[in-house]
2 protein chains.
Amino acid sequence: MKIAIAQLNPLIGDLIGNAQKILENAKKSAAADVRLLLTPELSLCGYPPRDLLLNPSFIQAMDQILQKLAQDLPPNLAVLVGTVTKNKEAVIIGGKSLFNSIAWLENGKIQQYFHKRLLPTYDVFDENRYFEPGLQANYFQLDGINIGVTICEDLWNDEEFWGKRNYAVNPIADLSILGVDLIINLSASPYTVGKQQLREAMLKHSAAHFKQPIIYTNQVGGNDDLIFDGRSFAINNQGEITARAQGFQPDFIVVEFDPENRDLQLNVISPHYESDDEEVWQALVLGVKDYLNKCHFSQVVIGLSGGIDSALVAAIATTALGKDNVLGILMPSPYSSEHSLSDALKLVENLGIKSQILPIGELMQSFDHTLSELFIETQFGVAEENIQSRIRGTLLMGISNKFGHLLLSTGNKSEMAVGYCTLYGDMNGGLAVIADVPKTRVYSLCNWLNSHSQTEIIPENILTKAPSAELKPGQVDQDSLPAYDILDDILERLINKHQSVAEIVKSGHDQETVNKVFKLVSVAEFKRRQAPPGLKITDRAFGTGWRMPIAAMTGKQ
Amino acid sequence: MKIAIAQLNPLIGDLIGNAQKILENAKKSAAADVRLLLTPELSLCGYPPRDLLLNPSFIQAMDQILQKLAQDLPPNLAVLVGTVTKNKEAVIIGGKSLFNSIAWLENGKIQQYFHKRLLPTYDVFDENRYFEPGLQANYFQLDGINIGVTICEDLWNDEEFWGKRNYAVNPIADLSILGVDLIINLSASPYTVGKQQLREAMLKHSAAHFKQPIIYTNQVGGNDDLIFDGRSFAINNQGEITARAQGFQPDFIVVEFDPENRDLQLNVISPHYESDDEEVWQALVLGVKDYLNKCHFSQVVIGLSGGIDSALVAAIATTALGKDNVLGILMPSPYSSEHSLSDALKLVENLGIKSQILPIGELMQSFDHTLSELFIETQFGVAEENIQSRIRGTLLMGISNKFGHLLLSTGNKSEMAVGYCTLYGDMNGGLAVIADVPKTRVYSLCNWLNSHSQTEIIPENILTKAPSAELKPGQVDQDSLPAYDILDDILERLINKHQSVAEIVKSGHDQETVNKVFKLVSVAEFKRRQAPPGLKITDRAFGTGWRMPIAAMTGKQ
């Protein structure tokens, strides 16, 4: 039996457009003699639909469009579509009013619904806000083959693999007891570094343990901060990968289930990426491309400081959108070093993008003049430094507003963590491209990029000079911050591993440095609250999955 | 038996400080011959602690400080403290690793823990992110009286009152079957307009229905966007209010439970507010005061445009912080009308605050000059309008940075909804004071304020002139927006009632106007994502409880 995986890139909320994509893949499936077509979790509305789910008219529209889709499908093809359904008993027995469901469409109608059982409520996930968990093990029969149906998180409770139980029930164990022949999983699993290795290791373990072949269908595409990497795959009952779709792009692959030996046959296996850097690069390029597309922008404007962060963002944008769609703005001040302009110009040349130079000296003087009476007898300090950054931010937004270019902000995760950035200045932008990329990875990405390009992309001097905000003469980042390799290790422990000061000091870091970093991270909370959406590539990004109070004692006192 | 309610205002995360407050109230209780002291939900860490709960060292510290507090308490006093406890079985049977609990402290130690059973996961609440629901009905015996223990949401499932069930279990029904004498509830219930009437109506119904006296203890204070209004109260088993603490300030009241007739006796009942406007005013004053205090600021800076929004914010800030702590900045442009300056100066005079005039004409020219080559042959438009707003935003932040004043932003909810505001311009600020106040309520609040002050506060001309952003000559808001009473009704239906275009049109609004408003609200999502925290006063505020995708089809196409 031929089973197709449609690795789709939906537009959130675009029910008609998403249904059309499913229909196109259904036609392709029919032409390829496919019996069953799989689509990702919530493929009809896209994941995550978030508070759109609170609008009753949206739920009603999903139902109508699903019915219509069922009628339009080709014959002899079963299609599993991710949708939401009403929990009609909620008003009587309590519980949330919706289920996160899969609809089995065949013969012109909806044959059956299956409800997601394990609802994630950690990191960026809020499924309990909308959904009631399903209580039954889900399966159906197709041509004599019993197919177990699971949705994303349903397979993430392998006790033996994790060394602990995450949820009370384990859907795959239930299905195994029921004796299904094959387990399919419809997912919308966001990308993080190393996530695919984790998914495959976990499902290999489950497949071998329960002796169940598994087909895992993932969503692809960027949706605000989240990047879905696709890389859908299939595993036979020995726990071996038999198929893998491509990463970071829509794909359509057909796998073969052999009804005789009740297992999946070997198929096309797209290779893994050669390095984390390559993978992160692909993720960020897709994240930028989709945010622009889905927000109806085609061009971007970026402030180019001559530093490594804006260089990387410009390189990502150029790959995502094409060099004609990237405008770099150089805004030197009297404090800018000579190399900052020449390095930025070299970058512009290497990328082949458009650029403009707008010196900000006159504007700095006008601000000084306007504020002179009020600032009399005060010293040059953070206020003046920030004004430079905000002049640049205002110029960039002026260009964005005038020409309809989206402004990309260029701050990295290390800066965002310790607040080494100016709110309403260099933080300005519609999308923060590398907000979840620690500074040390900014370097490794740039080095990877240069070593995998025929000509130099990031100018050598940008890679080797000391990082500096250049907001006062002779300033370098390391005047006020620990070295980035030390800072990034402390931040990784603090943010991703939830370690305390004591634990981090115990790991070998200097007490005073750790105290300082904790305080900086805490004090910068108000800045991060107003940051643009940042593309998530780690287990814990600032943004949706980082929910910290501001007016609180969180380490700053 | 004397029972005291400590209506506390905690600092989130300040375990030692919060424990100290509990101890002080315990000493006061002992002096007043109180047998049982009640404190709000999570009184040890403050509500909501949010992702602080993900740090194991934070949980450990709570446990240690709770043990210490138990030892420090006066004798013959039982104290109920809101805390979190570990769900030790989670790794074996699954589930979240914490409970939202109450600890009964007495005789120098923790006597017993009770776990919250109903966990809210709607609007601003994410309790399922951290907590596992408790499975048992909670009660304990004190001097022969059986006391049922509930935490906040536990009492919000009165099926008869709501006309539907929200959760599968109903803790008060369970306690009633067990035959307790009194039900206490420790809450952290955020303020919204009319919320207290709802709480009292619901609990009166429950008390009468189950013939159970209820003591309801609420938190007070502003925590970022949330304002907790206090107004703790007691109800006898006839469903009559027997005591009510004050609103919007810490309070300590003692109620008397009569062991003979097993009911609460009549006590001091603080009156309700005379109007919603008075209540909202109190809420916003507290919200500003606490945000400043808890973030260690004492002074604010506000841009005064001569319009009604900044006038209201300045009046709130003056009441919250005192006139010497409010600095108003007037930033006229060549497009400013004469009255904008004179009205703002009149406001400054009425409030007695400090002010400074910083004309922005020179800066506008400098920006024009800097951008002249790039903007050649383009028309004056949104880009130039926004630059004016961003010049003002940059000046205000310069002053904020220079003198350590917190910048308050002044946009109202109607503007925030339709995007009639400039990102990195007038949206700048640490706190958006009236971001959840619709424009029509801005007017009613100002009128209420004037009619309840001995002298005029908001200058008459500000109340009567047509609202205008004054970013181009002769501009008024109603050039591009529907009249505010119409806009606010459409927005209320769209935002708070989740109505569709069709439903709103059916209610009597013009189709084209409704379409336009839906589109504006959708397009402005990217602005709201970067807005400062806004004080919540309605059922659905932008911010924590509004989770919308940006790169999506949500009505904008």
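In the block above lies the structure referred to throughout.
Anyway, here's the lowdown on the structure attached to this text.

Scoring rules and cut-offs
Residues numbered from 1 in each chain as written. Chains lettered and ligands numbered in written order. Predicted model: local features only at pLDDT ≥ 70, side-chain atom pairs only at ≥ 80, totals over all residues. Heavy atoms only, no water. Helix = DSSP H or I, 4+ residues; strand = E, 2+ residues; numbered from the N terminus. Expected span 1.5 Å × (residues − 1). Buried < 20%, exposed > 50% of the residue type's maximum accessible area, 1.4 Å probe, protein only. Pairing = 2+ DSSP bridges. Contact = heavy atoms within 4.5 Å. Axes fitted to C-alpha atoms, helices over the stretch in contact; angles between N-to-C directions. Parallel < 35°, antiparallel > 145°, perpendicular 65-115°, else oblique. Left-handed = near helix turned anticlockwise from the far one by under 90°. Salt bridge = Lys/Arg side-chain N within 4 Å of Asp/Glu carboxyl O. Phe/Tyr/Trp six-rings, centres within 6.5 Å; stacked < 30°, edge-to-face > 60°. Lys NZ or Arg CZ within 6 Å of the ring centre and 35° of its normal. Least-squares fit on C-alpha atoms with pLDDT ≥ 70 in both. Patch = residues over 30% accessible without salt bridge, like charges linked within 9 Å, V, L, I, M, F, W, Y side chains within 5 Å. Areas by Shrake-Rupley, 256 points an atom, 1.4 Å probe, with all protein chains shown as cover.

### Regarding helix 8 (residues 308-321) of chain B
All names here are of chain B. End to end, helix 8 covers 20 Å across 14 residues, agreeing with the expected 20 Å (1.5 Å per residue, within 8%). Among the 14 residues in helix 8, 13 count as buried, and that is most of the element. Backbone geometry just downstream of helix 8 places Gly 322 in the positive-phi region, at approximately 95 degrees.

### Notes on the sheet that holds strand 16 (residues 300-303) of chain A
Residues and elements named next belong to chain A. Reading across the sheet, the 5 strands line up as 18-17-16-19-20 and stay open at both edges, with parallel pairing between neighbours. Two strands close off the open sheet at either side, each with one partner strand: strand 18 (354-357) and strand 20 (431-432). For strand 16 and strand 17 (residues 326-330), the ladder comprises 4 bridges, and the chain directions are parallel. Looking across to strand 17, one finds that Ile 302 is bridged to Gly 328. Packing of helix 8 (residues 308-321) onto the sheet brings it into contact with strand 16, strand 17 and strand 19 (406-409), and relative to strand 16 it is tilted by some 165 degrees. Set on the sheet, helix 9 (residues 338-351) makes contact with strand 17 and strand 18; between it and strand 17 the angle comes to about 170 degrees.

### Section: the pairing of strand 7 (residues 145-151) of chain B
Residues and elements named next belong to chain B. Judged by how many residues are buried, strand 7 sits mostly within the fold: 6 of 7 residues are covered. Relative to strand 7, strand 6 (residues 139-142) is paired through 4 bridges, and the arrangement is antiparallel. Across the sheet, the residue bridging to Leu 142 is Ile 145, located in strand 7. Across 5 bridges, the pairing between strand 7 and strand 8 (residues 182-186) is parallel.

### Digging into unusual backbone geometry
Residue and element names in this part refer to chain A. Following Tyr 47, the chain continues to Pro 48 via a peptide bond in cis, the omega torsion being 0 degrees. Within the secondary structure, Pro 48 is located in the loop between strand 2 (36-38) and helix 2 (56-72). One non-glycine residue, Glu 377, lies in positive phi territory at about 65 degrees. Relative to the helices and strands, Glu 377 resides in the loop between helix 10 (361-371) and helix 11 (382-403).

### Digging into the sheet that holds strand 14 (residues 251-258) of chain B
All names here are of chain B. Strand order in the open sheet made by the 7 strands is 5-4-3-2-1-14-15, with mixed pairing throughout. A strand with exactly one partner marks an edge of an open sheet, and here the two such strands are strand 5 (109-115) and strand 15 (263-264). Of the pairings in the sheet, the one linking strand 3 (residues 78-86) to strand 4 (residues 98-106) comprises 8 bridges and is antiparallel in character. By the bridge assignment, Val 81 is partnered in strand 4 with Ala 103. Packing against the sheet, helix 1 (residues 15-31) makes contact with strand 1 (2-7), strand 2 (36-38), strand 3 and strand 14, and its axis sits at approximately 145 degrees to strand 2.

### Looking at the packing of helix 1 of chain B against helix 2 (residues 56-72) of chain B
Residue and element names in this part refer to chain B. In the contact formed by helix 1 and helix 2, the axes pass within 10 Å of each other and the chain directions differ by 25 degrees. What the angle tells us is that helix 1 and helix 2 run roughly parallel. The chirality of how helix 1 crosses helix 2 is right-handed. Contact with helix 1, carried on its side by Leu 15, Ile 16, Ala 19, Ile 22 and Leu 23, involves Phe 58, Ala 61, Met 62, Ile 65, Leu 69 and Asp 72 of helix 2 and no other residues of that element.

### Some remarks on the pattern of salt bridges
For side chains of opposite charge, pairing can occur when their charged atoms come near one another. Overall, the coordinates contain 61 salt bridges over all chains when judged by the stated rule. Linking Asp 290 of chain A and Lys 294 of chain A is a salt bridge whose minimum nitrogen-to-oxygen distance equals 3.7 Å. Taken together, the residues span about one helical turn, with Asp 290 of chain A and Lys 294 of chain A both in helix 7 (residues 276-294) at a distance of 4 residues. The pair Asp 290 of chain A / Lys 294 of chain A is uniform in exposure class, with both members buried. Several salt bridges share partner residues, and in doing so they unite Asp 126 and Arg 547 of chain A together with Asp 126 and Arg 547 of chain B into one network.

### What about the packing of aromatic side chains?
Under the definition given, this model contains 29 aromatic pairs over all chains. With centroids separated by 5.8 Å and ring planes inclined at 80 degrees, the aromatic side chains of Phe 403 of chain A and Phe 375 of chain B adopt a geometry described as edge-to-face. Taken as a pair, Phe 403 of chain A in helix 11 and Phe 375 of chain B in the loop between helix 10 (361-371) and helix 11 (382-403) lie in two separate chains rather than in one. The class of Phe 403 of chain A is partly exposed, set by a relative accessible area of 33%. Given a relative accessible area of 10%, Phe 375 of chain B falls into the buried group. Here Phe 248 of chain B and Tyr 273 of chain B contribute two aromatic rings whose centre-to-centre distance is 5.7 Å and whose plane-to-plane angle is 50 degrees, an arrangement assigned as tilted. With Phe 248 of chain B in the loop between strand 13 (241-244) and strand 14 and Tyr 273 of chain B in the loop between strand 15 and helix 7 (276-294), this residue pair connects regions lying 25 residues apart in the sequence. The ring of Phe 375 of chain B carries the charged tip of Lys 402 of chain A above its face, separated from the ring centre by 5.0 Å.

### Describing the relation of the copies chain A and chain B
Superposition of chain A onto chain B requires a rotation of 180 degrees combined with a translation of 0.0 Å along the rotation axis, giving an RMSD of 0.0 Å. Within this description, the copies of the chain are treated as partners about a two-fold rotation axis. For chain A, the residue whose C-alpha comes nearest the rotation axis is Gln 530 of chain A, separated from it by 2.1 Å. Of the residues that chain A buries at the interface, 100% are likewise interface residues in chain B, meaning the two copies contact each other through the same surface.

### A look at a nonpolar patch on the surface
Residue and element names in this part refer to chain A. On the surface, Val 91, Ile 92 and Ile 93 cluster together to form a nonpolar patch covering roughly 290 Å² of accessible area. Here Val 91 lies in helix 3 (residues 90-93). The exposure class assigned to Val 91 is partly exposed, which follows from its relative accessible area of 47%.

### Things to note about the pairing of strand 14 of chain B
Residues and elements named next belong to chain B. The element strand 14 is extensively covered by neighbouring structure, given that 6 of its 8 residues are classed as buried. Taken together, the 6 bridges between strand 1 and strand 14 define a ladder with antiparallel strand orientation. By the bridge assignment, Ala 6 is partnered in strand 14 with Phe 252. In the sheet, strand 14 pairs with strand 15 via 2 bridges, with the strands oriented antiparallel. Counterpart to Asp 258 in the pairing with strand 15 is Asp 263. Between strand 14 and strand 15, which pair antiparallel and follow one another directly, the connecting turn spans 4 residues, one of which, Arg 262, has a positive phi of 50 degrees.

### Some thoughts on the side chain of Ser 270 of chain A
Residues and elements named next belong to chain A. With respect to the element layout, Ser 270 can be found in the loop between strand 15 (263-264) and helix 7. Given the relative accessible area of 14%, Ser 270 is considered buried. Aside from chain neighbours lying at most four places away, what touches Ser 270 is Arg 244, Ala 245 and Gln 246.

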